[in-house]
Amino acid sequence: MASNIYLFRQRISRFGQRMSSFQLNVSPLKEPLGFIKVLEWIASIFAFATCGGFKGKTEIQVTCPSLTENKTITAAFAYPFRLNEASFLAQPDVNVCDVNWKSYVLIGDYSSSAQFYVTFAVFVFLYCIAALLLYVGYTSLYRDSRKLPMIDFVVTLVAAFLWLVSTSAWAKALTDIKIATGHGIVKELQPCNHQGVMCYFGSVTSMGSLNVSVIFGFLNMILWGGNAWFVYKETSLHSPSNTSASHGQGGIPPPSGI
């Protein structure tokens, strides 16, 4: 029992010594493993920024016999796209055509898909920072370890799959958001079906940035899927005999990707 505790403390001590020996080495960034990780980091920023920072509104024009000109009714919406909480407002805040427009909202709640996409992108952003810090600051620790490259490989595969899932879900939600805030809202609004009240679709904020977020989502999937090969080359699965021999001799396995 005492010997096991001693070995455990010795391993912790060695790991602490390695972690304390930070040495900046930018050469891994010139190799595919590090260079693609930088691209993944940048792409994740664009992914959550273009989606999470969106704000928009949709407008309809309303007229009735009591009005001499059309009045604009606006519904503002933003991330996380709980459209069923976005009520219509008249400018100025009056009951146009004797209708309390505040009691009417857009249709749909797409917060689950949007938040899943943005949250995952933020986690990827943080993981890329940690991985790059390991690549450039603790290169020898990464190369000597059998577990770190394997963990990196598993995370890379899982991330590529989750990028596919989250982006597909967000792309479907975005399509529904465009429909819910487009021309169809005139038919869905009950006051617009009242006798004497006529509604016309006005405009909706351009969703170009949201389209870009979907593009970056699939781009991230491609980057992580492609980088899986370079991470795999760092694991013992790629050349188990050479890696085992190097560790058995106390040597450092030759780098294959960085």
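Residues numbered from 1 in each chain as written. Predicted model: local features only at pLDDT ≥ 70, side-chain atom pairs only at ≥ 80, totals over all residues. Heavy atoms only, no water.

### Remarks on the confidence of the model for the chain
Residue-level pLDDT values for the chain average 84, and 82% of them are 70 or greater. Low pLDDT, under 50, characterises residues 241–253; the stretch is placed with 15 contacts to residues that sit more than four places away or in other chains. (pLDDT = per-residue confidence, 0-100. Contact = heavy atoms within 4.5 Å.)

### Digging into the packing of helix α3 (residues 111–137) against helix α5 (residues 147–180)
It is at 10 Å that the axes of α3 and α5 come closest, and there the two elements cross at 155°. As summarised for this structure, α3 and α5 are arranged roughly antiparallel, according to the angle between their axes. Seen along the crossing, α3 lies across α5 with a hand that is left-handed. Each of Ser113, Ala114, Phe116, Tyr117, Phe120, Ala121, Val124, Tyr127, Leu134 and Tyr135 in α3 lies in contact with α5, whose residues at this interface are Leu148, Asp152, Val155, Ala159, Leu162, Trp163, Val165, Ser166, Thr167, Ala169, Trp170 and Ala173. (Axes fitted to C-alpha atoms, helices over the stretch in contact; angles between N-to-C directions. Helix = DSSP H or I, 4+ residues; strand = E, 2+ residues; numbered from the N terminus. Parallel < 35°, antiparallel > 145°, perpendicular 65-115°, else oblique. Left-handed = near helix turned anticlockwise from the far one by under 90°.)

### Comments concerning the state of the cysteines
As enumerated under the stated definition, the model contains 2 disulfides in all. Across the disulfide from Cys64 sits Cys97; the S-S distance is 2.2 Å. Measuring handedness by torsion sign, the sulfur bridge of Cys64 and Cys97 sits at about -100° and is left-handed. Pair noted here: Cys64 is in the loop between β1 (55–63) and β2 (71–78) and Cys97 is in the loop between β3 (88–90) and α3, with a separation of 33 residues, a long-range link. Taking the relative accessible area as the measure of exposure, Cys97 reaches 12% and is therefore buried. Here Cys192 is linked by a disulfide to Cys199, with a sulfur-sulfur distance of 2.1 Å. In this structure the cystine formed by Cys192 and Cys199 twists about its S-S bond by roughly -95°; its chirality is therefore left-handed. (Disulfide = S-S within 2.5 Å. Buried < 20%, exposed > 50% of the residue type's maximum accessible area, 1.4 Å probe, protein only.)

### Observations concerning the side chain of Thr235
Within the element layout of this structure, Thr235 appears in the loop between α7 (208–232) and α8 (240–248). In this structure the side chain of Thr235 is engaged in a polar contact, spanning 2.7 Å, whose partner is the backbone oxygen of Tyr232. Dropping the residues within four chain positions of it, Thr235 is found in contact with Pro149, Met150 and Phe153. (Polar contact = N/O pair within 3.5 Å; in protein donor to acceptor, adjacent residues only side chain to side chain.)

### A short note on the packing of aromatic side chains
Under the defined criterion, the tally for this structure stands at 15 aromatic pairs. Pairing Tyr79 with Phe81 gives two aromatic rings, centres 6.3 Å apart and planes at 90°, and the pair type is edge-to-face. Joined through ring pairs, the aromatic side chains of Phe54, Phe77, Tyr79, Phe81, Tyr117, Phe120, Trp163 and Trp170 make up one cluster. (Phe/Tyr/Trp six-rings, centres within 6.5 Å; stacked < 30°, edge-to-face > 60°.)

### A closer look at the sheet that holds β3
One open sheet accounts for 4 strands, arranged β3-β2-β1-β4; its pairing is antiparallel. Lying at the two open borders of the sheet, with one neighbouring strand each, are β3 and β4 (198–204). Strand after strand, the sheet turns through a mean of 30° between neighbouring axes, direction not considered. As judged from the 3 bridges shared by β2 and β3, these two strands associate in the antiparallel manner. Its bridge partner lying in β3, Ile73 is registered against Ala90. (Pairing = 2+ DSSP bridges.)

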